[in-house]
Amino acid sequence: MEWIELDNGFNIPQLGYGTFQLKAGEVYDNVRCALENGYRMIDTAASYFNEQEIGRAIRDSGIPREEIVISTKVWVQDTGYEQTKKAFERSLENLQTGYIDIYLIHQPYGDYYGSWKAMGELYRAGRIKAIGVCNFCTERLIDLTLNAEIPPMIDQVELHPFFQQKRLYATLPKTCRIEAWGPLNEGQRNIFANPVLKYIADRHHKTVAQVVLRWLLEQGIIAIPRSGKSDHQKENIDHSDPLTVRILNTDHIHE
Ligand SMILES: NC(=O)c1ccc[n+]([C@@H]2O[C@H](COP(=O)([O-])OP(=O)(O)OC[C@H]3O[C@@H](n4cnc5c(N)ncnc54)[C@H](OP(=O)(O)O)[C@@H]3O)[C@@H](O)[C@H]2O)c1
C-alpha cells in the first residue's frame, strides 16, 4: 500500500475504494470485502445515499477507526455556511463516526465559499482532517486557493487515459493533490480491451486496470477505483510489482 502526504502533513492511502453506484443492500458487503482485501480509504458522498451502510461495514469490520480514512462530500443543495454545517452532522450520524477524515465540496455550484468557511471551522476544530473540492477546473481551484485561508488539499476530478486533465495537472497549486474519480472510465468505451493499454498490459504481465492505476499513482495522483467484485478489488490494489509506466505516451490512446 502506497501512502501520499497532503499539504497539511496528513498521510492517506494513494489508492482507495470508490462506492458510487454500488447497489443499495450490497454496499455493506462490498465495503466489508474491500476492507478484507486491504483497502483503507473509502470514498463516499451524501448524494450516494450509502453512508449508513458504509458506517456499519466499517464498524463491523473490527478494524480500528483511526486506521481507515473516510472521505465524504457535501452535495449541491447543502452548499452555504449553515447548510454545510448541518450536512456535515448528518454525514457523521450516518457514518457513525466522531470525525471525517476528508470532507469535499461535491460540485462547484452554489455558495461554495460559504461551505468552505464552514469546513474551515470544522477542520480547525479537529472534526475533519483534510478538506478539499471536487470537479473544480483550474480557474475555480486557483481562485479558492488564493482567496481562502485554508487552501483545498484535494481536487477530486474525472481523470483516466481518455480524459487526462493535463491543464489542471500543469497548473495545480502546490497545496493541492489531484484525486482521480472514474479512474477506469467507469468501465466505459471498452477501456479494458483498448489495444494500446492491452499491449502494455500484456508486455508487463499485468491487466489493463493495473496499468491504468499504476500510471495514475506514478504521477502522484490519488485513485479510488470501484468494484463490486472481490477479484477485481484485489487486482486493483495489487501493486506490489511497480511497472514504471510513466513513459507511456498517453496521447496515442484513443477510444
Ligand atoms: N466527485 C465526483 O463527482 C465523483 C463522480 C463519480 C465517481 N466518484 C468517485 O470515484 C469512484 C470511482 O469512479 P467510478 O465508480 O465512477 O468508476 P471506475 O472506478 O472508473 O469504474 C468502475 C467500473 O469498472 C469496473 N472494474 C473495476 N475494476 C475492474 C477490473 N479490475 N477489471 C474489470 N473491470 C473493473 C467495475 O465493474 P465491477 O464492479 O464488475 O468490477 C465498474 O463497472 C466512485 O465510486 C466514487 O467514489 C466521484
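The coordinates are above.
This one's a predicted model, so the numbers in the text were calculated from it and none came from an experiment. (Residues numbered from 1 in each chain as written. Predicted model: local features only at pLDDT ≥ 70, side-chain atom pairs only at ≥ 80, totals over all residues. Heavy atoms only, no water.)

A. Representation of the overall build of the protein in the model. Summing up its helical and strand segments, the protein has 9 helices and 10 strands in all. Against the compact-globule benchmark of 18 Å for 255 residues, the protein has a radius of gyration of 18 Å, which places it among compact chains. Projected onto its principal axes, the C-alpha coordinates of the protein cover approximately 55 × 40 × 30 Å. For the protein, the residues scored as buried account for 55% of the 255 residues in total. Intrachain contacts of the protein at a sequence separation of at least 6 include 70% that bridge at least 24 residues. With 28 positive and 34 negative side-chain charges, the protein shows a spacing of 1 Å between the two charge centroids. (Helix = DSSP H or I, 4+ residues; strand = E, 2+ residues; numbered from the N terminus. Rg over C-alpha atoms; globule rule 2.2 N^0.38 Å. Buried < 20%, exposed > 50% of the residue type's maximum accessible area, 1.4 Å probe, protein only. Contact = heavy atoms within 4.5 Å. Lys, Arg positive; Asp, Glu negative; His and termini not counted. Charge placed at Lys NZ, Arg CZ, Asp CG, Glu CD.)

B. Layout of the nonpolar core. Counting 73 residues, the largest nonpolar core has I12 and I102 as the members making the most contacts within it. In terms of residues, this core owes the most to one element, helix α8 (residues 208-218), which gives 8 residues. Setting aside residues no more than four positions away along its own chain, I12 makes contact with E2, W3, I4, L6, M41, V69, I102, I154 and I222. (Core = buried A, V, L, I, M, F, W, Y, C linked by side-chain atoms within 4.5 Å.)

C. Fine view of the sheet that holds strand β8 (residues 154-158). Overall, parallel pairing links the 8 strands, which are arranged β3-β4-β5-β6-β7-β8-β9-β10 in an open sheet. Whereas interior strands pair on both sides, the edge strands pair on one side only; in this sheet they are β3 (17-18) and β10 (222-223). Two strands pair when backbone bridges link them, and strand β7 (residues 128-134) and β8 are joined in this way by 2 bridges, in the parallel orientation. The residue bridging C134 from the neighbouring strand is Q156, located in β8. (Pairing = 2+ DSSP bridges.)

D. Fine view of the site of the ligand. The full set close to the ligand counts 28 residues, and D43, R226, S227, K229 and H232 are the nearest of them. Interatomic distance of 3.0 Å between a backbone N/O atom of E186 and an oxygen atom of the ligand. Between an oxygen atom of the ligand and a side-chain N or O atom of H232, the distance comes to 2.6 Å. Within the complex, the protein chains bury 89% of what would otherwise be the 900 Å² of accessible surface of the ligand. Of all the elements, helix α9 (residues 230-237) adds the most residues to the shell around the ligand, at 3 residues. Classifying every residue of the shell around the ligand by side-chain character gives 10 nonpolar, 12 polar and 6 charged. (Near = heavy atom within 4 Å. Polar contact = N/O pair within 3.5 Å; in protein donor to acceptor, adjacent residues only side chain to side chain. Areas by Shrake-Rupley, 256 points an atom, 1.4 Å probe, with all protein chains shown as cover. Nonpolar A, V, L, I, M, F, W, Y, C, P; charged D, E, K, R; others polar.)

E. A look at the environment of L22. Along the chain, the position of L22 falls in the loop between β3 and α1 (27-36). The sequence separation of L22 and G228 amounts to 206 residues, and the corresponding C-alpha distance is 6.9 Å. When sequence neighbours within four positions are dropped, the list of residues in contact with L22 reads Y17, V27, N30, R226, S227 and G228.

What is shown is where atoms sit, not what they do.
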